[in-house]
Amino acid sequence: MNISTSTAQTVAAAPDLSVQIGQMRLANPMMTASGTCGYADEYADFADLSKFGAFVTKSISKAPRKGNESYRVIETRAGMLNAIGLANIGLERFISEKIPILERMGIPVIVNVPGWCAEDYADVAERLDQELPVVQGIELNVSCPNVKNGLSFGTDPVRLAELVAMVRKRVKRATLIVKLSPNVSDVAVTARAAVEAGADCLSLVNTFTAMVIDIEKARPMLANATGGLSGPAIKPIAVYMVHRVYTQVAKAHNIPIIGMGGIQTWQDAVEFILAGATGLAVGTALFIDPAIPNKICDGLRQYLARKGHGSLREIIGTLKTD
Amino acid sequence: MLLWMIQCAAHDNAANHATARKKGQFAAIVLANTQICREHFLLTLRLREFPASEPGQFVQVLCPPPDVAVQSAEQAVAGLQEVFWEPGTRPPRFHDPDFLGSQPYLRRPFSIAGRRDDPANAVSDIDLIYRVIGKATIRMSHLVTGDSISILGPLGNAFPVPEATHTALLVGGGVGIPPMIYLADKFQRAGIKSIAFVGAQKADLIPLHITGDVGTQASSNVREFAAFNTQTVVATDDGSLGNKGFVTQALEKFCESSAVSQGVIFCCGPTPMMRATALVAARLKLPCYVSLEQPMACGMGTCQSCIIKYRSGSAEDWVYKLTCKDGPVFNSADILW
Ligand SMILES: Cc1cc2nc3c(=O)[nH]c(=O)nc-3n(C[C@H](O)[C@H](O)[C@H](O)COP(=O)(O)OP(=O)(O)OC[C@H]3O[C@@H](n4cnc5c(N)ncnc54)[C@H](O)[C@@H]3O)c2cc1C
Ligand SMILES: Cc1cc2nc3c(=O)[nH]c(=O)nc-3n(C[C@H](O)[C@H](O)[C@H](O)COP(=O)(O)O)c2cc1C
Ligand code: FES
């Protein structure tokens, strides 16, 4: 067998993984989840970041934040709790120190923006939108369960709609993504509020509010008492929520979903895509293997080829429930 | 989960061969995993093209699946276990009481305790010394020669090297002893005189080979340090070996009674012990470097979990630094203890 031609054929036949998310064209659906991948190139020694579909930064707030006291994390069965408290270097240092690195990475960059009032979000989003062309997407973290009041935007559809509408007016260029909180009784309600207020894309899920108790001291393990649960433990709930948002809201409005929550294998990724996700983010699993997004792409190509699909887009939301 | 870990290990080496990196993800082969005292094991791993490392640095270990062969037949409820080795093929040692299978999820950090390179074959052997205290270390104790595990590293910064005329005082408590062995090796090569001070609660919790009477003075009867021409002072809380009391007391006594010229303290151990060492150093006006331990989720500077309060600006001012990236080694005077 002639090896060079067979390789060429494999390459030619490789299924297309590219996806469109708002204004962004991604070579593949795999991104990092905010807060699990640093600001820019921290994983460069462990994975080829240029092969990621997009890079999502840690939450960047207007002013720098020290964050919570230690302990900030605790492992649980098949996952972990975190209560970092949105510790970050703040917008100015982010722009001067990290943007140049992000520009060199050569993949679409999405900046995650937290806030404690609507103006916080809008001010940061506007700066990013107007001054930094490398920032192609802005993801509003309306669901961080660790900071007081942060809960209210993501769990109250009225306040969420007001927030999104206000940011929408000031973001002209970048794709506006709203990251939904799973700590609600029906995620379709907040999803609809965000979409009707002008979101270009929805990402879900953020972490589930949870607690671990130190039985020796009879105190919560985390300094913040509660933390957000992430990792494989939440995956089936996240898949369900993506499917619910897709069928109830996103499909009709033609709004793409970035799915996340416990993704660590290509099989996990396929579940999210069938449920309705266009993009996928890997979070906690990056702590164990930063190259997981690349490995998932390999697995997705093989799955699509085996199933006879030329493109990943063919299977988005094709879950059969009849 | 098991399948996924095997895939990780298999993928790692291929990804790393391309470039000479400062750190990376590697598949490591177990050369030996031997119990050295009641709760400590010495794990020696062989890696290909492992980047240069320094004492103070650590690796993140992806822990192996549980050895369910140690469970009794009643416990091994059919279908609950992912793997089942033939009874007797693996040495039964510590048992995880959570037999329904609570797998460790994240990697676990361990200091590099020693390293030997074979540059001709691009092969390095690294030693880890670990104490069995929970689910991950229980599983590590079941590793046997030939097993493969995934390693991330080398991570973190290194202990600084003092001037050749200085005396290095290596202070290790419990699981803080391992990096001191690697440091003794480095200082011997650099021509710096070191003296080790090691402490534990009891004699049988010292993860070192005692080859003779250690007394209360510095002796050459601790094999791991003697191998690097380093004498060792031993202390145990209960007096079952060496000096009775904390290792910091033995350190202070030694420094006051003998004329140590220009001592520099290097310390690793439980936080209270490092805090006490920092106070001794301040009293004796000696520079002191500590290798801190904090809960770590990533070890790569991305999760922000491993924070310590680091002095900056005026007396009461501080910033958070990351133990995994800015440390684990810090000047003890910079830490807000
Ligand atoms: C930079 C660095 C270097 C290190 N180097 C070494 C080294 O060289 N050698 C070494 O032995 N160790 C070292 N450690 C420590 C080592 O990483 C830990 O001992 C290891 O992670 C323990 O993992 P485990 O799964 O076995 O224990 P875990 O299962 O994580 O348990 C840890 C402890 O917490 C307790 N615990 C768990 N849950 C609860 C609860 N709900 N309530 C009360 N208590 C609870 C357990 O009983 C146990 O005592 C290092 C750590 C760091 C940060
Ligand atoms: C340590 C840690 C820090 C996180 N920080 C943020 C953050 O700053 N902003 C945010 O929107 N989400 C944050 N998240 C949530 C993740 O982006 C993601 O939504 C969640 O962890 C679920 O995905 P996973 O199971 O793959 O981790 C964080 C998660 C972890 C584990
Ligand atoms: S362990 Fe994640 S930042 Fe240090």
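Counting of residues starts from 1 at the beginning of each chain's written sequence and follows it residue by residue. Going through the entries in the order they are written, you letter the chains from A and number the ligands from 1. Only residues with pLDDT of at least 70 are given local features in this predicted model, and only at 80 or more are side-chain atom pairs given and counted; all residues enter the totals for whole chains, interfaces and linings.

Draft legend 1. A look at the sheet that holds strand 12 (residues 263-268) of chain B. All names here are of chain B. Between any two strands, at least two bridges found by DSSP are needed for them to pair. Helix and strand definitions here come from DSSP, where helices need a minimum of 4 consecutive H or I residues and strands a minimum of 2 consecutive E residues; each element is numbered from the N-terminal end. Across the sheet, seven strands lie side by side as 11-10-9-8-12-13-16; this open sheet has mixed pairing. Two strands lie at the open edges of the sheet, namely strand 11 (243-244) and strand 16 (329-331), each paired on one side alone. With seven bridges joining them, strand 8 (residues 167-173) and strand 9 (residues 193-200) adopt parallel strand pairing. By the bridge assignment, G173 is partnered in strand 9 with G199. Its contacts with the sheet place helix 5 (residues 247-257) against strand 8, strand 9, strand 10 (231-236), strand 11 and strand 12, and it is angled at close to 145° to strand 9. Throughout, a residue-residue contact means that the two C-beta atoms, derived from backbone geometry, are no farther apart than 7 Å. Axis definition: a line fitted to C-alpha atoms, over the contacting stretch in the case of helices. Angles run 0 to 180 degrees between N-to-C directions.

Draft legend 2. Region of interest: the domain arrangement of chain B. Residues and elements named next belong to chain B. Residue ranges for the domains trace back to a domain assignment, done automatically or taken from a database. Split by domain assignment, chain B resolves into domain 1 (2-154) and domain 2 (167-291). Taken together, the contacts link 14 residues of domain 1 with 15 residues of domain 2. Contributions of two or more residues to the side of domain 1 that touches domain 2 are made by strand 5 (114-118) and strand 6 (123-131).

Draft legend 3. Main features of the site of ligand 1. Using a C-beta atom placed from the backbone, a residue is described as near a molecule or strand when that atom lies within 6 Å of it. In the vicinity of ligand 1, 23 residues are found, and the nearest of them are Y130, G134, A136, T137 and V175 of chain B. More than one chain reaches ligand 1: its neighbouring residues belong to chains A and B. Mapped by element, the contributors of at least two residues to the shell around ligand 1 are strand 4 (108-111), strand 6 and helix 2 (135-140) of chain B. Among the elements that take part in the shell around ligand 1, strand 4 of chain B stands out by supplying four residues, more than any other.

Draft legend 4. Spotlight on the environment of Y121 of chain A. The topology assignment puts Y121 of chain A in helix 3 (residues 118-131). Contact partners of Y121 of chain A, with chain neighbours within four places excluded, come to V113, G115, L140, L163 and V167 of chain A.

Draft legend 5. Focus on the nonpolar core. The term nonpolar core refers to a set of buried Ala, Val, Leu, Ile, Met, Phe, Trp, Tyr and Cys residues connected through C-beta atoms within 7 Å. Whether a residue is buried, exposed or partly exposed follows from its count of other C-beta atoms within 10 Å of its own C-beta, namely 20 or more, 12 or fewer, or something in between, respectively; the C-beta atoms are built from the backbone. Among the nonpolar cores identified, the biggest contains 196 residues, and I138, L202, V242 and V245 of chain A together with F266 of chain B are the most heavily contacted of them. In terms of residue count, helix 7 (residues 235-253) of chain A provides more of this core than any other element does, eight residues in total. A domain-level breakdown of this core finds at least three residues from each of domain 1 (2-154) and domain 2 (167-291) of chain B. The contacts of I138 of chain A, once residues within four sequence positions are left out, are V111, V113, A125, L128, D129, V171, A174, L176 and I177 of chain A.

Draft legend 6. Summary view of the sheet that holds strand 11 (residues 208-210) of chain A. All names here are of chain A. Read from one edge of the open sheet, four strands run 5-6-14-11, paired in antiparallel fashion. For this open sheet the edge positions go to strand 5 (73-76) and strand 11, each flanked by a neighbour on one side alone. On average, adjacent strands in this sheet sit at an angle of 35° to one another, irrespective of strand direction. Taken together, the three bridges between strand 6 (residues 79-82) and strand 14 (residues 227-230) define a ladder with antiparallel strand orientation. In the strand pairing of strand 14, L81 is matched with L229.

Draft legend 7. How the structure looks around the site of ligand 2. If you check the shell around ligand 2, you find 27 residues, and the closest are A33, G35, S230, G283 and T284 of chain A. Ligand 2 sits at the junction of chains A and B, each of which supplies nearby residues. Looking at the shell around ligand 2, its residues break down into ten nonpolar, 15 polar and two charged. Residue type decides the class: Asp, Glu, Lys and Arg count as charged, Ala, Val, Leu, Ile, Met, Phe, Trp, Tyr, Cys and Pro as nonpolar, and the leftover types, Gly among them, as polar.

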